[in-house]
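Below are the chains, spelled out letter by letter.
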Amino acid sequence: MSHSTILERYHQMFSTDKEFSQRANQFFPDGVTHDSRHTHPFPIYIDHAQGSKKWGVNGKEFIDYWSGHGALLLGHNPPRIVEAVTNQMQRGTHYGACHPLELEWADLIINLIPSAEKIRFTSSGTEATLMAVRLSRIFTGRNKVLKFAGHYHGWHDAIIPGANPPYDMLIPGVLSPETTLISPPNDIDVVENYLMNDSDIACVILEPTGASFGEIPTNGEFLTQLRNLTREYGVVLIFDEVITGFRVSPGGAQGYYDVDPDLTTLAKIMAGGLPGGAVAGKTEIVDLISIEKHPKSKKMPHPGTFNANPLSAAAGIQMLKIAQTGQPQTEANQVAKILRHGINQIFDQHGLDWACYGEFSGFKILLGHGDKTLPAVDFDAYQCHYRRLKGASNPDLVKTLRCGLLLNGIDMTSGGGMTTAVHTETDIQQTISAFDQTIQEMKLEDLIN
Ligand SMILES: Cc1ncc(COP(=O)(O)O)c(C=O)c1O
């Protein structure tokens, strides 16, 4: 009797999810509400979550490495955040007015983020980078944005080009794509060349630990070089700390590497697992939003129904009060390190040219780095060409691995995941075993050898 395949078992195990997805296909493009939730043959549906776990609609338990797209440094439903949000619900969800919590929230952020002098809240990370780019244009009187291949900053016109491979593709519907310049990551000479030859560059924006939280890693030396160059050419330097903010350290990547940008974009952890974002930075730039300081011809308009929403403020304050101790980052980093090492040992035991890499609380999975003689534990993403990192895994293997891991109780993105302070060593050992089990199943199906 032949063994059923991973895909067959997936259809069987997740039959209720399949029914949901068939309904979803009638409502949403691809049946999903975020591009990265698109899953082959269909996504799973989650009923509830707690700590490091979540449970599907058929009751199956998963160890969760999505971690709320990075927003959940403390796992699902940390008691202090639940209590604060529940209390706030009784007091009102939207005052259409200023409120004391926005002051406490801003105070915490300005104290934690080294370069933050003044702040403006938004509803998302995309809105934050939109604001940072526009402020840079007004401040410098220039038009262009210089960004790096693979770096993701949300989906508005100025910064979506070049976010995913192939990095030079025109994005349909994007206006004036020529105002976005895409540089290869980590090459300071190319950046200097751009800045020397184009006097219309308003800002340089990057994810300070590299594209997609280190999928194409960047180190502190490059950040220092960028800081020096942008200062020399009068270009605004924006650190997009939507993921790294409060995850890499209480002061974000800028605190960790001791490099101060002009503007910082924030979201995710900042809002305690609820929607929210912000731009923080130099007073003279952020104040371009001020109607009292600037004539209408120079002021940047900025309304936004949910800016500094009281529920998000209540959650964000509790999150940041815990994050400022540095303890959750240390814990999340520790388990991520053990996880990366354990997964690599499994890859090596199976003789695969796969690697698990990353820094801080991230882990990235690359299926097919091309050198079977190189032990996965020795794989160094810094030495790898960027085109062979982000999105470079064999797509068919990614799909099957993902389904296999879900069957074995692990939910991560197609490229890896993030840990939180509440992932335990037991979670990590279960995850490593799930990789081992799934690889054995893939071998049985002759998908890999
Ligand atoms: C570095 C970075 N910047 C910006 C964004 C966009 O944030 P949002 O999804 O809140 O619009 C993201 C989202 O994943 C991100 O990772």
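Residues numbered from 1 in each chain as written. Predicted model: local features only at pLDDT ≥ 70, side-chain atom pairs only at ≥ 80, totals over all residues. Heavy atoms only, no water.

A. A look at the domain arrangement of the chain. When the domains of the chain are assigned, the result is domain 1 (6-75 + 327-444) and domain 2 (79-323). Taking the mean C-alpha position of each, domain 1 and domain 2 sit 27 Å from one another. Every contact between the two is made by 25 residues of domain 1 and, on the other side, 33 residues of domain 2. Across the interface of domain 1 and domain 2, roughly 2,500 Å² is buried in total on both sides, 62% from carbon and sulfur atoms. (Domains from an automatic or database assignment. Contact = heavy atoms within 4.5 Å. Buried area = accessible area lost by both parts, 1.4 Å probe.)

B. Molecular detail of the packing of aromatic side chains. One pass over the full model with this rule turns up 14 aromatic pairs. Relative to F222, the ring of F148 has its centre 5.6 Å away and its plane inclined at 75 degrees; by these criteria the two rings are edge-to-face. Of this pair, F148 sits in strand 5 (residues 144-148) while F222 sits in helix 8 (residues 220-233), and the two are 74 residues apart along the sequence. An identical accessibility class is assigned to F148 and F222; each is buried. A ring pair is formed by Y256 and Y257, whose centres lie 5.0 Å apart and whose planes are at 85 degrees; its orientation type is edge-to-face. For Y256, a relative accessible area of 48% translates into the label partly exposed. With a relative accessible area of 19%, Y257 lands in the buried category. Taken together, the ring pairs connect Y10, F14, F42 and F62 into an aromatic cluster. (Phe/Tyr/Trp six-rings, centres within 6.5 Å; stacked < 30°, edge-to-face > 60°. Helix = DSSP H or I, 4+ residues; strand = E, 2+ residues; numbered from the N terminus. Buried < 20%, exposed > 50% of the residue type's maximum accessible area, 1.4 Å probe, protein only.)

C. Quick look at the pattern of salt bridges. According to the stated counting rule, one finds 13 salt bridges in the structure shown. The closest approach of N and O atoms between E441 and R9, which form a salt bridge, is 3.4 Å. On the criterion of sequence distance, the pair formed by E441 in helix 14 (residues 425-444) and R9 in helix 1 (residues 6-13) is long-range, its members being 432 residues apart. Comparing E441 with R9, the two get one shared label, buried. Of the charged contacts, one joins D287 and K293 as a salt bridge, the two residues approaching to 2.6 Å between their closest N and O atoms. Relative accessible area serves as the criterion here: at 51%, K293 is assigned to the exposed category. Through salt bridges with shared partners, a single network forms among K54, D64, R402 and D411. (Salt bridge = Lys/Arg side-chain N within 4 Å of Asp/Glu carboxyl O.)

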